[in-house]
Amino acid sequence: MSFLLYNALIVIFAILSFQMFSFRKLWAFTGPGFLMSIAYLDPGNIESDLQSGAKAGFKLLWVLLGATIIGLLLQRLAARLGVVTGMHLAEVCNRQYPTVILFFTPPSPPHSQVPRIILWLMVELAIIGSDMQEVIGCAIAFNLLSMGRIPLWGGVLITIIDTFVFLFLDKYGLRKLEAFFGFLITIMAVSFGYEYVMVRPDQGELLKGMFLPYCENCDSAQMEQAVGIVGAVIMPHNIYLHSALVKSRQIDRGNKKEVKEANKYYFIESTIALFISFLINVFVVAVFAEAFYDKTNIEVVGIMTNQTHPHTDLFPLDNSTLQVDIFKGGVVLGCFFGPAALYIWAIGILAAGQSSTMTGTYSGQFVMEGFLNLRWSRFARVLLTRSIAIFPTLLVAIFQDVQHLTGMNDFLNVLQSMQLPFALIPILTFTSLTSIMDDFANGLVWKIGGGVVILVVCAINMYFVVVYVTSLNSVALYVLVALLCIAYLSFVCYLAWQCLIALGVSCLDVSCLGNRVSNNCHAVFIEEQPAYDT
């Protein structure tokens with residue numbers, strides 16, 4: 001906890017040093033952090049928020065706060081990599097993972113591309129999973145706004161339009177695109193803020209839940225929800241995205257003072273952006289905690305029956321705790337607080353989905369061109385990355401009813417949780433190498449603290465995966481998962497092994513075993529400085 005507080009105070013000290021602080025310079029660096037923060041407000045996060053409020057009330061707000069702080073520290077690493085090197089994470093991975101290196105064997109020929117291809121596929125899976133959630137979120141918003149007249153598959157087709165909006169705005173420069181995303185974030189803040197003001201949650205309970213790290217009388221379902229919050233907040237593709245977005249500002253990388261200044265302002269901007277996203281998430285948690293915590297299905301059905309509501313079949317006639325998702329959440333808000341609450345909720349979800357699908361498209365572009373070294377036109381790259389996500393989502397929308405999407409959302413959350421090591425381990429590895437970061441490489445505190453944080457986050461998400469798999473109750477699936485886990489863990493161990501070498505555990509570098517006396521030791525990683533892209 002002291003490590004988190006130490007790094008969180010960096011921003012406060014920077015702001016207090018007014019003579020060294022310039023709002024004009026902060027404005028010049030403002031943009032990438034807000035685009036990055038969109039991933040903290042995507043429909044998957046919103047659904048996690050409302051489920052947290054409905055299941056645990058205000059008790060898990062401290063988990064949301066902690067996950068956001070951890071996310072900020074990880075985003076700091078991503079931004080520093082892009083600022084210092086002039087390359088984003090996918091490009092660095094493409095450069096630094098060129099060979100297959102097995103335990104206790106000499107390195108393979110340098111032409112092998114297996115590790116980087118596997119890493120690219122894992123990150124693409126995370127992007128596809130995230131994009132599917134975002135597109136489905138947009139489709140649900142269209143369904144709610146049209147009172148069911150637009151089916152789920154119709155909403156998915158409508159979201160294809162955002163590809164052309166993205167291309168149109170991108171044509172006029174990144175600042176225009178950043179302004180558009182700022183507008184969408186404002187819509188989310190106003191929409192969910194309206195719901196917050198209307199419901200008027202207990203402020204004392206809210207502050208207690210946010211700053212008291214304790215979950216009184218919590219059962220296994222609530223603890224699993226706490227794990228789900230961490231998985232929803234920290235997303236693997238966002239690390240790749242942020243490291244690329246910071247390249248949009250011109251920086252003289254030969255001037256260490258200018259690089260240091262850029263790192264400072266990007267961190268301050270990211271802190272402000274994630275603080276705003278945290279408040280919006282708190283709005284959603286608080287609304288459902290105040291209005292629907294400890295509510296039962298029979299209570300909700302009774303109120304809906306009195307209002308002759310068309311969606312009474314959504315909830316079973318029993319006394320079990322109310323289960324909500326994005327769609328059901330909008331329905332019960334409209335039922336309890338009037339049609340305006342439903343429509344404003346849907347507008348907020350639409351803004352969240354539209355903004356996150358476009359940042360997902362950006363992530364897909366950077367990852368594909370970085371790992372595969374593609375030099376396609378912008379239109380071709382956008383078309384390919386959107387198609388990869390749209391087609392499976394369209395199939396799900398055609399064969400799945402809008403009222404029964406929670407199971408698919410749980411699966412997509414698990415999919416993204418499994419991909420976290422493929423972003424967190426590389427970012428800690430490369431920001432710890434002086435051959436890449438020079439004087440800006442991680443110090444001892446960041447190496448140890450970052451390693452512990454990443455280990456904890458990955459362990460929490462693996463627990464979430466195990467809980468999901470055990471709930472399937474299928475022996476055949478258990479066998480399949482066991483086989484996949486062997487391959488999965490082998491590659492994670494490969495990345496962790498190289499990360500430990502970068503952190504200074506040189507005894508693990510097999511290329512040095514036979515050459516220590518002669519000092520003829522070739523590190524696993526490429527040592528010469530890259531040709532910086534300014």
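Up top you'll find the structure we're talking about.
These remarks concern the structure in this document. (Residues numbered from 1 in each chain as written. Predicted model: local features only at pLDDT ≥ 70, side-chain atom pairs only at ≥ 80, totals over all residues. Heavy atoms only, no water.)

## Topic: the state of the cysteines
The condition is simple: Put simply, a disulfide is two cysteine sulfurs that come within 2.5 Å. Per-residue accessibility, obtained with a 1.4 Å probe over protein chains only, is compared with the maximum for each type, and a residue is labelled buried under 20%, exposed over 50%, and partly exposed between these values.
The tally for this structure, following the rule as stated, stands at one disulfide. At a sulfur-sulfur separation of 1.4 Å, the disulfide partner of Cys215 is Cys218. Across the S-S bond of Cys215 and Cys218 the torsion is about -60°, and the bridge reads as left-handed. For Cys215, a relative accessible area of 15% puts it in the buried group.

## Some details on the side chain of Arg76
Put simply, the rule reads: The helix and strand labels rest on DSSP assignments: H or I over at least four residues marks a helix, E over at least two residues marks a strand, and numbering proceeds from the N terminus. Counting rule for charge: Lys and Arg are taken as positive, Asp and Glu as negative, and neither His nor the chain ends is counted. Each reported salt bridge corresponds to a side-chain nitrogen of Lys or Arg within 4 Å of a carboxyl oxygen of Asp or Glu.
Tracing the sequence through the fold places Arg76 in helix α5 (residues 61-85). One buried charged residue, Arg76, forms no salt bridge at all, with the nearest opposite charge on Glu269 at 13 Å.

## Quick notes on the environment of Leu145
The condition that has to hold: What makes two residues a contact is simply this: any of their non-hydrogen atoms within 4.5 Å.
Mapped onto the elements of the fold, Leu145 is located in helix α7 (residues 114-145). Spatially, the C-alpha atom of Leu145 lies 8.2 Å from that of Leu342, the residues being 197 residues apart in sequence. Discounting chain neighbours no more than four positions away, the residues touching Leu145 are Tyr343, Ala346, Ile347 and Leu350.

## A look at the side chain of Thr296
Among the secondary structure elements, Thr296 is positioned in the loop between α14 (256-292) and α15 (297-306). Assessed through its relative accessible area of 15%, Thr296 is described here as buried. Here Thr296 is in contact with Asn319, Ser320 and Leu322, once residues within four sequence places are set aside.

## Here's the deal with the nonpolar core
Inclusion rule: In this description, a nonpolar core means a group of buried Ala, Val, Leu, Ile, Met, Phe, Trp, Tyr and Cys residues linked to one another through side-chain atoms lying within 4.5 Å.
Ranked by internal contacts, the top residues of the largest apolar core, which has 158 residues, are Leu119, Met188, Tyr240, Phe288, Trp345, Phe371 and Phe430. The dominant element in this core, judged by the number of residues it contributes, is α14, at 19 residues. Val227, Val414, Val465 and Val469 belong to the second-largest nonpolar core, a separate cluster that totals five residues.

## Here we look at the packing of α5 against helix α22 (residues 444-470)
So the rule is basically this: Working convention: axes come from line fits to C-alpha atoms, limited for helices to the stretch in contact. Angles between N-to-C directions cover 0 to 180 degrees. Angles are sorted into four bins: roughly parallel if under 35 degrees, roughly antiparallel if over 145, roughly perpendicular if 65 to 115, and oblique for all others. Here is the rule for handedness: rotate from the far helix to the near one, and if that takes an anticlockwise turn smaller than a right angle the crossing is left-handed, while a clockwise turn gives right-handed. Residues are grouped as follows: Ala, Val, Leu, Ile, Met, Phe, Trp, Tyr, Cys and Pro are nonpolar; Asp, Glu, Lys and Arg are charged; every other residue, Gly included, is polar.
In the contact formed by α5 and α22, the axes pass within 11 Å of each other and the chain directions differ by 125°. Relative to α22, the element α5 is oriented oblique. Of the two elements, α5 crosses α22, and the hand of that crossing is left-handed. Touching Ile70, Leu73, Leu74, Arg76 and Leu77 of α5 are Trp446, Val453, Ile454 and Val457, all from α22. A breakdown of the residues in the contact of α5 with α22 according to their chemical character gives eight nonpolar, no polar and one charged.

## Here's the deal with helix α13 (residues 236-245)
With 10 of 10 residues buried, α13 lies mostly within the body of the structure. Within α13 the residues assigned to the buried category are Pro236, His237, Asn238, Ile239, Tyr240, Leu241, His242, Ser243, Ala244 and Leu245.

## Quick look at unusual backbone geometry
Positioned with a positive phi, Asp294 is a non-glycine residue whose angle comes to about 70°. Its location among the elements puts Asp294 in the loop between α14 and α15. One non-glycine residue, Asp438, lies in the positive phi region at around 55°. Following the sequence through the fold, Asp438 ends up in the loop between α21 (434-437) and α22. Looking at Asp438, the relative accessible area reads 36%, which means it is partly exposed.

## So, the packing of α7 against helix α8 (residues 152-159)
Relative orientation of the contacting elements α7 and α8 amounts to 115°, with a least axis distance of 8 Å. Once α7 is placed against α8, the crossing between them reads as right-handed. Residues Val135, Ile136, Cys138, Ala139, Ile140, Phe142 and Asn143 of α7 form the contact with α8, whose participating residues are Leu152, Gly155, Val156, Ile158 and Thr159. Along the lines of polarity and charge, the residues of the contact of α7 with α8 split into nine nonpolar, three polar and no charged.

## Points about the pattern of salt bridges
Within this structure, the stated rule accounts for six salt bridges. Between Arg249 and Glu178 there is a salt bridge whose closest N-O contact spans 2.9 Å. Residue Arg249 is found in the loop between α13 and α14, and its partner Glu178 is found in helix α10 (residues 174-199); the two are separated by 71 residues along the sequence. As far as the burial class goes, Arg249 and Glu178 line up, both buried. Through salt bridges that share partners, Arg175, Glu178 and Arg249 make up one connected network.

## A closer look at the packing of aromatic side chains
Heads up, the rule is: For Phe, Tyr and Trp, where Trp contributes only its six-membered ring, two rings pair if their centres lie within 6.5 Å, and the inter-plane angle classes them as stacked under 30 degrees, edge-to-face over 60, or tilted in between. Charge over a ring is defined by NZ of Lys or CZ of Arg lying within 6 Å of the ring centre and within 35 degrees of the ring normal.
Scanning all chains against the criterion turns up 17 aromatic pairs. Taken together, a centroid distance of 6.4 Å and an interplanar angle of 40° make the contact between Phe336 and Phe337 tilted. Between Tyr362 and Phe366 the ring centres are 5.2 Å apart and the planes differ by 5°, which places this aromatic pair in the stacked class. Of this pair, Tyr362 and Phe366 both sit in helix α17 (residues 339-372), four residues apart, which is roughly one turn of that helix. As far as burial versus exposure is concerned, Tyr362 and Phe366 are alike and both buried. Taken together, the ring pairs connect Tyr97, Phe422, Phe430, Tyr488, Phe491 and Tyr494 into an aromatic cluster. For Arg76, the ring lying beneath its charged end belongs to Phe267, and the centroid distance is 5.8 Å.

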